[in-house]
Amino acid sequence: MNYKKKILVTGGAGFIGSHVVRLFVNKYPDYQIVNLDVLTYAGNLANLKDIEVAPNYRFVKMDIVDAESITNLFQFEKFTDVIHLAAESHVDRSITNPTEFVMTNVIGTVNLLNAAKLIWKGEMEKHRFYHVSTDEVYGSLGETGLFTEQTAYDPHSPYSASKASSDHFVRAYGDTYGLQTVISNCSNNYGSYQFPEKLLPLFINNIQNKKALPVYGKGENIRDWLWVEDHARAIDVLFHKAMSGSTYNIGGHNEWTNIALIKLLCKIMDKKLGRSEGESEKLISYVTDRAGHDLRYAIDSTKLQNELGWTPSLQFEEGLEKTVDWYLENKEWLENVTSGDYQKYYEKQYEKR
Ligand code: NAD
Ligand code: TYD
């Protein structure tokens with residue numbers, strides 16, 4: 001079949017990437033979607049079981065840090081566009097091993113940019129490089145205000161510093177070589193297929209197993225939560241409609257202190273598991289705070305909403321219940337990803353807190 005576009009999606013076996021791949025494969029049968037992923041601990045092909053045999057889907061196992069393989073792949077496959085999500089994504093891991101974040105998030109991104117620049121030379125205007133980034137590049141807010149697209153970058157963790165750096169490289173390749181870029185900075189995502197090192201799936205798993213819930217500091221930090229499928233919908237809209245060289249914030253206007261969110265989660269889980277009210281809350285354990293812990297993230301996504309008409313589709317309470325249901329119904333997925341190395345990570349991460 002002659003496909004209209006051949007899109008390389010990097011990191012498609014991860015949490016957000018798998019939702020983006022699923023959306024594009026199902027919605028655009030006239031696009032070929034090539035999912036490139038090295039399958040780190042966070043990458044899991046089981047996240048894409050439902051679409052793995054679709055005729056317009058293919059998987060390539062490759063490391064974006066390997067410049068030569070990436071260049072060869074681009075020359076051979078002649079992708080029309082790139083949606084780049086592959087990254088090391090967990091702040092706590094970036095504190096333990098920052099160099100790995102520089103390699104994947106910075107060097108890996110530059111390798112993709114170089115390969116795109118090489119094969120699209122002379123016809124840049126026909127192709128698009130979409131870079132998926134985070135609101136964490138903007139740093140931390142006080143009690144008021146929101147991150148806009150004009151907020152100055154002020155990253156504090158090695159993770160956010162590496163994402164900020166990759167954003168700068170993407171913009172620089174647009175300005176210097178004429179690469180047609182789009183960058184989006186999104187707030188915290190939640191939903192199915194998220195690796196249980198991040199707050200919500202970790203706590204859902206621990207509540208189920210009656211394990212302690214390690215709340216960092218006093219639980220007063222604030223995050224702005226967006227349903228992952230709404231993020232994927234925003235990426236779809238922006239990939240097709242954003243002006244080249246533009247940046248958009250994506251967020252749900254949905255701020256929660258960690259402790260309020262955890263208490264709501266405990267309440268939902270008590271109901272779903274048939275436990276008496278208040279039982280799961282007893283598992284809350286306040287532990288040593290994360291180093292450099294950003295106090296508050298909150299996104300102003302007015303530009304995306306006003307210019308392109310995107311709005312979040314789900315109310316948070318509904319989305320959270322849906323998410324809990326998914327993890328309870330997919331025990332095997334959870335068991336598979338929490339076996340093996342996960343145990344070692346968990347002990348190392350939490351034993352001294
Ligand atoms: P994730 O950790 O769940 O998935 C990352 C994927 O990238 C995995 O499949 C992994 O195998 C792959 N990968 C890692 N290193 C690679 C390498 N060297 N070569 C090829 N593949 C590699 O991450 P996520 O939460 O799905 O985040 C996806 C993107 O969205 C990231 O760029 C992240 O910065 C950004 N983001 C995440 C959030 C969030 O709340 N999770 C919010 C905003 C932006
Ligand atoms: P996380 O899911 O790691 O996302 P991010 O740090 O990228 O926002 O954490 C969300 C919030 O939850 C953050 O303020 C840190 C806090 N947190 C805990 O209190 N305990 C935990 O065990 C984890 C993983 C996170």
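Just so it is clear, the model here is predicted, and its values are computed rather than measured. (Residues numbered from 1 in each chain as written. Chains lettered and ligands numbered in written order. Predicted model: local features only at pLDDT ≥ 70, side-chain atom pairs only at ≥ 80, totals over all residues. Heavy atoms only, no water.)

1. Thoughts on the overall build of the chain
- A count of helical and extended segments in the chain gives twelve helices and twelve strands.
- Against the globule reference of 20 Å for 353 residues, the chain gives a C-alpha radius of gyration of 20 Å, in line with a compact fold.
- Counting only C-alpha atoms and orienting by the principal axes, one finds that the chain spans roughly 65 × 45 × 40 Å.
- A burial count over the chain gives 57% of its 353 residues as buried.
- Look at the contacts in the chain between residues 6 or more apart in sequence, and 83% of them connect residues 24 or more apart.
- Split by element, the accessible area of the chain, about 15100 Å² in all, is 50% carbon and sulfur. (Helix = DSSP H or I, 4+ residues; strand = E, 2+ residues; numbered from the N terminus. Rg over C-alpha atoms; globule rule 2.2 N^0.38 Å. Buried < 20%, exposed > 50% of the residue type's maximum accessible area, 1.4 Å probe, protein only. Contact = heavy atoms within 4.5 Å. Areas by Shrake-Rupley, 256 points an atom, 1.4 Å probe, with all protein chains shown as cover.)

2. As for the packing of helix α8 (residues 258-273) against helix α10 (residues 316-329)
- Where α8 meets α10, the closest approach of the two axes is 11 Å, and the angle between their N-to-C directions is 50°. In terms of orientation, α8 lies oblique with respect to α10. Handedness of the crossing formed by α8 with α10: right-handed. Packed against α8, whose contacting residues are Leu261, Leu264, Leu265, Ile268, Met269, Lys271, Lys272 and Leu273, the element α10 presents Phe316, Glu317, Leu320, Glu321, Val324, Asp325 and Leu328 at the interface.
- Of the residues assigned to the contact of α8 with α10, the class counts are ten nonpolar, no polar and five charged. (Axes fitted to C-alpha atoms, helices over the stretch in contact; angles between N-to-C directions. Parallel < 35°, antiparallel > 145°, perpendicular 65-115°, else oblique. Left-handed = near helix turned anticlockwise from the far one by under 90°. Nonpolar A, V, L, I, M, F, W, Y, C, P; charged D, E, K, R; others polar.)

3. Some details on the side chain of Glu88
- Looking at the element boundaries, Glu88 is found in the loop between β4 (81-84) and α3 (91-96).
- The buried charged residue Glu88 lacks any salt bridge, with Arg93 as its nearest oppositely charged partner at 5.8 Å.
- What Glu88 contacts, discounting residues up to four positions off in sequence, is Thr40, Tyr41, Glu100, Phe101, Thr104, Asn105 and Tyr159. (Lys, Arg positive; Asp, Glu negative; His and termini not counted. Salt bridge = Lys/Arg side-chain N within 4 Å of Asp/Glu carboxyl O.)

4. Focus on unusual backbone geometry
- Unlike most non-glycine residues, Lys78 shows phi in positive territory, near 50°.
- With respect to the helices, strands and loops of the structure, Lys78 is situated in the loop between α2 (67-77) and β4.
- By relative accessible area, which is 59% here, Lys78 ends up exposed.
- Even without being glycine, His253 reaches a positive phi, approximately 45°.
- Looking at the element boundaries, His253 is found in the loop between β10 (246-250) and β11 (255-257).

5. Here's the deal with the packing of aromatic side chains
- Going through the model one piece at a time under the given rule, you end up with 21 aromatic pairs.
- Note on Phe24 and Phe239: the rings are 5.8 Å apart at their centroids and 80° apart in plane angle, and the pair reads as edge-to-face. Here Phe24, found in helix α1 (residues 15-27), pairs with Phe239, found in helix α7 (residues 228-241); they are 215 residues apart in sequence, far enough to count as distant.
- Phe239 sits in the buried class, given a relative accessible area of 4%.
- Members of the aromatic cluster, each reached through a chain of ring pairs, are Tyr41, Phe195, Tyr216, Tyr342, Tyr346 and Tyr350.
- A cation over a ring is seen here: Lys117 above Tyr177, with NZ or CZ 4.5 Å from the ring centre. (Phe/Tyr/Trp six-rings, centres within 6.5 Å; stacked < 30°, edge-to-face > 60°. Lys NZ or Arg CZ within 6 Å of the ring centre and 35° of its normal.)

6. Looking at the pairing of strand β1 (residues 5-10)
- For β1, the tally of buried residues reaches five of six residues, placing the bulk of the element in the interior.
- Pairing of β1 with strand β2 (residues 31-37), which is carried by six bridges, proceeds in the parallel orientation. Its bridge partner lying in β2, Lys5 is registered against Tyr31.
- Crossover handedness for the path β1 to α1 to β2: right-handed.
- Looking at chain direction, β1 and β4 are connected through four bridges and run parallel. Paired with Ile7 across the strands is Asp81, a residue of β4. (Pairing = 2+ DSSP bridges. Right-handed = clockwise from strand over helix to strand, strands pointing away.)

7. Considerations on the sheet that holds strand β3 (residues 57-61)
- Overall, parallel pairing links the seven strands, which are arranged β3-β2-β1-β4-β5-β6-β10 in an open sheet. Because the sheet does not close on itself, it has two edges, and the strands there are β3 and β10. Strand-to-strand, the axes of this sheet are offset by a mean angle of 20°, without reference to chain direction.
- Inspection of the sheet shows β4 paired to strand β5 (residues 128-134) by four bridges, in the parallel sense. Residue His84 lies in a different strand from β5, and its bridge partner there is His131.
- Where α1 meets the sheet, its contacts fall on β1, β2, β3 and β4, and the angle it forms with β2 comes to roughly 160°.
- Strands in contact with helix α4 (residues 98-119) are β1, β4 and β5; relative to β5, the strand with the most contacts, it is inclined by about 165°.

8. A short note on the packing of helix α6 (residues 199-208) against helix α12 (residues 341-350)
- One way to put it is that α6 packs onto α12 with a least axis distance of 15 Å and a crossing angle of 100°. Taken together, the axes of α6 and α12 are roughly perpendicular relative to one another. Together, Leu202, Asn205 and Asn206 of α6 and Tyr342, Tyr346 and Tyr350 of α12 make up the contact between the two elements.

9. Comments concerning the confidence of the model for the chain
- Residue-level pLDDT values for the chain average 97, and 100% of them are 70 or greater.
- Within the chain, the lowest mean pLDDT, 86, falls on α12, and the highest, 99, falls on β4. (pLDDT = per-residue confidence, 0-100.)

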